[in-house]
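Observations on the three-dimensional arrangement
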Amino acid sequence: MSLPADGPPGSAVTVRGLVKRYGPSTAVDGVDLDVPAASVVALLGPNGAGKTTTVEICTGLRRADAGEVRVLGLDPAGAPDALRARIGVMPQGGGAYPGVRAAEMLRLVAACSAHPLDVDELIEVLGLGSCARTTYKRLSGGQQQRLALACAVVGRPELVFLDEPTAGMDPQARRLVWELIESLRRDGVAVLLTTHLMEEAEALADDVVIIDHGRVVAHGSPAELTTTADSQELRFRARAGMDVTELAAALPAGYAAAEPAAGRYVVQGRIDPPVLAAVTTWCATQGALADDVRITRRSLEDVFLDLTGRELRP
Amino acid sequence: MTASRPSPGRFAPGTFTPRPGRGDLGRMLATQSSLELRLALRNGEQVLLTLLIPIVLLVGLSLVDIIDLPAPRVDSVFASVLALAVMSTAFTGQAIAFGFDRRYGVVRRLAATALPRWLLVAGRLVAVLGTVVVQVVVLGLIALALGWRPGGGVGVALVLVLLGCAAFGALGLLLGGTLRAEIVLALANVVWFVLLLGGGIVVPLATLPAGLATVAGLLPSGALAEGLRIALAGTDGSLLQPLLVLVAWAVVAGVAAARLVRLT
């Protein structure tokens, strides 16, 4: 598939079939991604999933091995300078001269833009007023992150890339960053952010793209991702040791039943009244009473862990 | 469960309404190079390297007869110390600062702004030139106080200083832009020390053992120092070789830096 030269209309970022290899390993393996204008899209994935590489290709810092990328209608590899005048970037871990004062660094980045925000106001509102004269290497991790965020938005960009914007922040600072991202969306700025915090993706994003081993494993709004048919669960307590295979057989095809802890049972699938009735009836045939019955929707975290596995990543 | 959306209370509506555009190139260059110059003059280790050591050597070697030098000693010492000052700023200080700037992600940070790549390098080199101007003025005033009198060679000396900045600056970018910060720190200091003593800077080529003198004459340190001694202290010799050697180092190191320097 070939994209129009200036990308689909109304789209801030369009990525099709993106591939990036580092030597023998493939970091990004056929990723498709869309960021509509004035929306927030979260790229969610474990460490090493290919999130940062995808962002770096979109901002023109790396070149793709295959695939098509259009950012604000431009090819980042072909017109990096024209593109960078219109976007704001927060690289992972920020970045500044070790000996520079926070306000000096923001002033330098502001000088790169034609109509920057007021540096002093931005410093104050981001809670950096007390450390405006502190050198970068003496700022805390959270302060460095907020400075990096200020650098990403000071130039009044149309599109902002935020690579793990709240890593290392305390809950108050994270809340502030969320407010800022919400304000960017309100004012018509498109945002592509990477995170491995489900809570963050769920709170901020219009769309979530879950990526693992360089591939998109799921995408949709947070609500869509958590309300698909098999994302509901019925949990209950009953006598330990009942045969869950028999329980699953008593339900329509496609339902799963398990006893993760003694006397605690889980049925996964769309939980509607007939299914609830079937479960309690089956318990009755076993001479058991289903107690403490609860129907829950799985969280985005459950969806994420099911899709990307539960083993630790390096 | 749907998480409640955070309210954008702290930021007034319209705060972030897009108004993109690249800043003025002249203003970018001025802001970046003046910031880098301030950082260099604020850093104690850099000031030790670029000003204090050259001043101590200028005063010490002019007044104390440690190395055999023609009289008036200050003429020859001033030439040597100017070469040292250029090497310290453009090569050693620049390589170390660049190595640590890369480590702290500033090069990548600025590469993601509208600042063009060529300006990123130009800003660093303008800051190096600014430091060298400070050094030339301070060391020149001290040399005057010690009895040095400027002659006809001052114009050639300034050309040599600029070529020295180009050659050492390119070498500094090459070193600082290709290796890890700690290795850059160690190597840049070792090279500084070796060239100071054996590279024709404080010990004139005529005083070095013959084989070493030939090698030192082909190094940027020996070429710059010997050229400055010919220009400022009337040492015998042709300026052609020092000028050619410096141009060659600037071109070779410049091309290598353009190909090999990494931003991360």
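If you're wondering where the values come from, they're calculated on a predicted model, not measured in any experiment.

Let's shift gears to the overall build of chain A. Secondary structure summary: chain A contains 11 helices and 13 strands in total. Its C-alpha atoms give chain A principal-axis dimensions of roughly 75 × 50 × 40 Å. Out of the 314 residues belonging to chain A, those deemed buried represent 54%. In chain A, the share of contacts with a sequence separation of at least 24, taken over all contacts with a separation of at least 6, comes to 66%. Just so you have it, chain A exposes about 12,700 Å², and 50% of that area is on carbon and sulfur atoms. In chain A, which carries 31 positive and 40 negative side-chain charges, the distance between the mean positions of the two groups comes to 5 Å.

Okay, the overall build of chain B next. Summing up its helical and strand segments, chain B has 10 helices and 0 strands in all. Ordering the α and β elements of chain B from the N terminus gives α-α-α-α-α-α-α-α-α-α. Dimensions along the principal axes, computed over C-alpha positions, put chain B at roughly 85 × 35 × 30 Å. In chain B, which comprises 264 residues, the proportion classed as buried is 49%. Placing the 19 positive and 10 negative side-chain charges of chain B at their respective mean positions leaves the two points 21 Å apart.

Now for the layout of surface pockets. In this structure, the largest pocket spans a volume of roughly 830 Å³. Forming the boundary of the largest pocket are 33 residues, of which L39(B), N43(B), Q46(B), G93(B) and A97(B) lie nearest the centre. Of all the secondary structure elements, the ones that give two or more residues to the lining of the largest pocket are α1 (25-42), α2 (44-63), α3 (73-103), α5 (117-145) and α7 (181-198) of chain B. Of the residues assigned to the lining of the largest pocket, the class counts are 16 nonpolar, 10 polar and 7 charged. Roughly 370 Å³ of internal volume is contained in the second largest pocket. Lining the second largest pocket are 15 residues, with G60(A), L61(A), R62(A), R63(A) and R117(B) positioned closest to its centre. Per-class residue counts for the lining of the second largest pocket are 5 nonpolar, 2 polar and 8 charged.

Another point: the confidence of the model for chain B. Residue and element names in this part refer to chain B. Confidence in the prediction for chain B averages 91 pLDDT; 97% of positions are at 70 or higher. In the model of chain B, helix α4 (residues 106-111) stands out as the element of lowest mean pLDDT, 88, in contrast to helix α6 (residues 154-176), which has the highest, 96. What the predictor reports for the complex is a pTM of 0.82 with an ipTM of 0.85.

This next bit is on the interface of chain A and chain B. With 60 residues of chain A at the contact, the number on the chain B side is 47 residues. For the chain A and chain B pair, buried surface summed over both sides reaches about 4,800 Å², with 59% attributable to carbon and sulfur atoms. Of all residues in chain A, the largest losses of buried area upon contact with chain B belong to Y97(A), C112(A) and R156(A), amounting jointly to 15% of the total for that side. The shortest N-O distance in the salt bridge between R10(B) and E179(A) comes to 3.0 Å.

All names here are of chain A. What the 6 strands build is an open sheet, ordered β5-β6-β7-β3-β8-β9; its pairing is mixed. Bordering the open sheet on either side are β5 (87-90) and β9 (215-220), each of which pairs with just one other strand. Taken pair by pair, the neighbouring strands of this sheet meet at an average axis angle of 15 degrees, ignoring direction. Here helix α5 (residues 141-153) sits on the sheet in contact with β5 and β6 (159-163), set at roughly 170 degrees to β5. Across the sheet, helix α11 (residues 300-308) lies against β3 (40-44), β8 (207-212) and β9, angled at about 30 degrees from β8, the strand it touches most.

Our focus in this paragraph is empty space enclosed by the protein. Counting across every chain of the model gives 2 cavities of 30 Å³ or more. Considered as a void within the structure, the largest cavity measures approximately 130 Å³ in volume. Around the largest cavity, the lining is made up of 18 residues, and of these R84(A), I87(A), S113(A), G155(A) and T113(B) lie nearest the centre. Broken down by secondary-structure element, the contributors of at least two residues to the lining of the largest cavity are β5 and α5 of chain A.

Another point: the pattern of salt bridges. Taken as a whole, this structure holds 22 salt bridges over all chains when the rule is applied. Among the salt bridges present, the one from E56(A) reaches R62(A), with a minimum N-O distance of 2.5 Å. Between E158(A) and R86(A) there is a salt bridge whose closest N-O contact spans 2.7 Å. Within this pair, whereas E158(A) is found in the loop between α5 and β6, its partner R86(A) is found in the loop between α2 (80-84) and β5, the two being separated by 72 residues in sequence. Taken together, the shared-partner salt bridges connect E56(A), R62(A) and R108(B) into one network.

Turning our attention to the nonpolar core. Counting residues in hydrophobic clusters, the biggest one holds 71 residues, and the most contacted among them are Y97(A), M105(A), L106(A), L147(A) and L162(A). Leave out the neighbours within four places in its chain, and L162(A) touches M90(A), L149(A), A152(A), I181(A), V191(A), L192(A), L193(A) and T194(A).

The rules behind each value
Residues numbered from 1 in each chain as written. Chains lettered and ligands numbered in written order. Predicted model: local features only at pLDDT ≥ 70, side-chain atom pairs only at ≥ 80, totals over all residues. Heavy atoms only, no water. Helix = DSSP H or I, 4+ residues; strand = E, 2+ residues; numbered from the N terminus. Buried < 20%, exposed > 50% of the residue type's maximum accessible area, 1.4 Å probe, protein only. Contact = heavy atoms within 4.5 Å. Areas by Shrake-Rupley, 256 points an atom, 1.4 Å probe, with all protein chains shown as cover. Lys, Arg positive; Asp, Glu negative; His and termini not counted. Charge placed at Lys NZ, Arg CZ, Asp CG, Glu CD. 1 Å grid on protein atoms, 1.4 Å probe; cavity = no way out; pocket = protein on both sides within 12 Å on 5 of 7 lines; lining within 4 Å. Points joined across faces, edges and corners; volume = space filled by probe spheres on them. Nonpolar A, V, L, I, M, F, W, Y, C, P; charged D, E, K, R; others polar. pLDDT = per-residue confidence, 0-100. Buried area = accessible area lost by both parts, 1.4 Å probe. Salt bridge = Lys/Arg side-chain N within 4 Å of Asp/Glu carboxyl O. Pairing = 2+ DSSP bridges. Axes fitted to C-alpha atoms, helices over the stretch in contact; angles between N-to-C directions. Core = buried A, V, L, I, M, F, W, Y, C linked by side-chain atoms within 4.5 Å.

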